[in-house]
Amino acid sequence: MESEKSKILIIGVTGRLGFELAKASLNSLHPTFGLVRDLAFSDPHKSQKLHFLSGAGVTLIKGSLQDEDILIEALKQVDVVICAVSSKQVLEQKLLVSAIKRASCIKRFLPSEFGLDPDRTRISDLDHNFYLRKSEIRRLIEAEGIPYTYVCCNFFTSFFLPSLVQPGRKTPPRDEVSIFGDGTAKAVFVKENDAAAFAINTVDDLRTLNKVVHLRPPGNVYSMNELVDIWEGKIGKPLKRNYITEDELLKKIREMPYPENMELVFIYSAFVKGDQTYFSIDSSGGLEGTQLYPQITYTTISEFLDTLL
């Protein structure tokens, strides 16, 4: 019944993931609210999304992460909060955590994560605290005793797959390809709308309370060598493979200015270090989303690559 569904507040509804979260929330019949900054209404692209969401049934609340009083007012209307702000704004969630603590009515908080597990990366000397900031918010949530679910989707398909993990390219190569490291470390790709569907399913699920939910969908976990194999099969010809060693990649990362080098840092983390897949989800105490929700159909890497032909 609809009345049993949690009311969900989504922060960042005009972003790529936030928009998908709002649609997934509505699709699952959750009363859905979006916290929106004033400026968004005057941005043509964002106002178009807001018009769509409002028409589809999302209640829009004007406010921002900087205004604790408005935050508390918004929180008192809902049961669950999902934050989908950009990585640049991760630490701005500190005031939100404080507001959730003060409002004391939130049954579940999903902070802005949705990448790989920040507590399991092994590149802290390279990433300019990108993951440390996410871990800092986790520790704050836990210290305040706020009920949470952390959703780790790893890479979104829109991030590296359109170029077949070739920095600087917008389309997949058809002649030669760069492969980082030995090409055997496996990474995970999930389409944003699929990630949103999995995230929304966790909010009323007691199994996911105070847990990390990882997404490693079968058909979406591949090494660079395997990705190139799949692409070669689709275009019907072999590519010349240029292997870039770990040392060569690290040299490039260190020579390139920040933040331009972050794309290479993410490639190093996933495709050389294997940060997305080196650990067992079960033994880490986490849960795997496709095992929890086998009913969700998702786009596989092969299906996504078909759209690039």
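Every chain is numbered on its own, with residues counted from 1 as its sequence reads. Given that the model is predicted, a residue must reach a pLDDT of at least 70 before its local features are reported, and side-chain atom pairs must reach 80 or more before they are shown or counted; all residues, however, enter totals for whole chains, interfaces and linings. The side-chain numbers reported here are obtained from all heavy atoms of the structure, hydrogens and water having been left aside.

- Looking at an unreviewed UniProt entry, one finds the chain named Pinoresinol-lariciresinol reductase 3, with Nicotiana attenuata as its source organism.

### Observations concerning the nonpolar core
For step 1, the next point in the chain: By nonpolar core is meant a set of buried Ala, Val, Leu, Ile, Met, Phe, Trp, Tyr and Cys residues that side-chain atoms within 4.5 Å join together. Three labels apply to residues, based on accessible area from a 1.4 Å probe with only protein chains included: buried if under 20% of the type maximum, exposed if over 50%, partly exposed otherwise in between. Membership of the largest hydrophobic core comes to 38 residues, with the highest contact counts inside it found for Phe189, Leu249 and Phe271.
For step 2, the next point in the chain: A run of H or I in DSSP becomes a helix once it reaches four residues, and a run of E becomes a strand once it reaches two; helices and strands are each numbered from the N terminus. Among the secondary structure elements, those contributing two or more residues to this core are helix 5 (130–143), strand 8 (176–180), strand 9 (186–190), helix 8 (224–235), helix 9 (246–255), helix 10 (262–272) and helix 12 (301–306).
For step 3, the next point in the chain: At nine residues, helix 10 tops the list of elements feeding residues into this core.
For step 4, the next point in the chain: Residue ranges for the domains originate in an automatic or database domain assignment. In terms of domain composition, this core takes at least three residues from each of domain 1 (8–155 + 190–218 + 278–293) and domain 2 (161–184 + 221–272).

### Regarding the layout of surface pockets
To find leftover empty space, one rolls a probe the size of a water molecule over the atoms.
For step 1, the next point in the chain: Think of a 1 Å grid over just the protein atoms. A cavity is a set of points where a 1.4 Å probe fits yet cannot get out, a pocket is an open set with protein on both sides within 12 Å along at least five of seven lines, and lining residues have an atom within 4 Å of a point. Grid points are joined across faces, edges and corners, and a volume is the space filled by probe spheres set on the points. Its volume calculated, the largest pocket comes out at about 1300 Å³.
For step 2, the next point in the chain: Taken together, 46 residues line the largest pocket, and the ones lying closest to its centre are Ala84, Val85, Ser86, Ser87 and Lys88.
For step 3, the next point in the chain: Those elements giving two or more residues to the lining of the largest pocket turn out to be helix 1 (16–27), strand 2 (32–36), helix 5, strand 7 (155–156), helix 6 (157–160) and helix 10.
For step 4, the next point in the chain: Broken down by element, the residue count for the lining of the largest pocket peaks at four residues, all from helix 5.
For step 5, the next point in the chain: Under the scheme applied, nonpolar residues are Ala, Val, Leu, Ile, Met, Phe, Trp, Tyr, Cys and Pro; charged residues are Asp, Glu, Lys and Arg; polar residues are all the others, including Gly. Grouping the amino acids of the lining of the largest pocket by side-chain chemistry returns 21 nonpolar, 14 polar and 11 charged.

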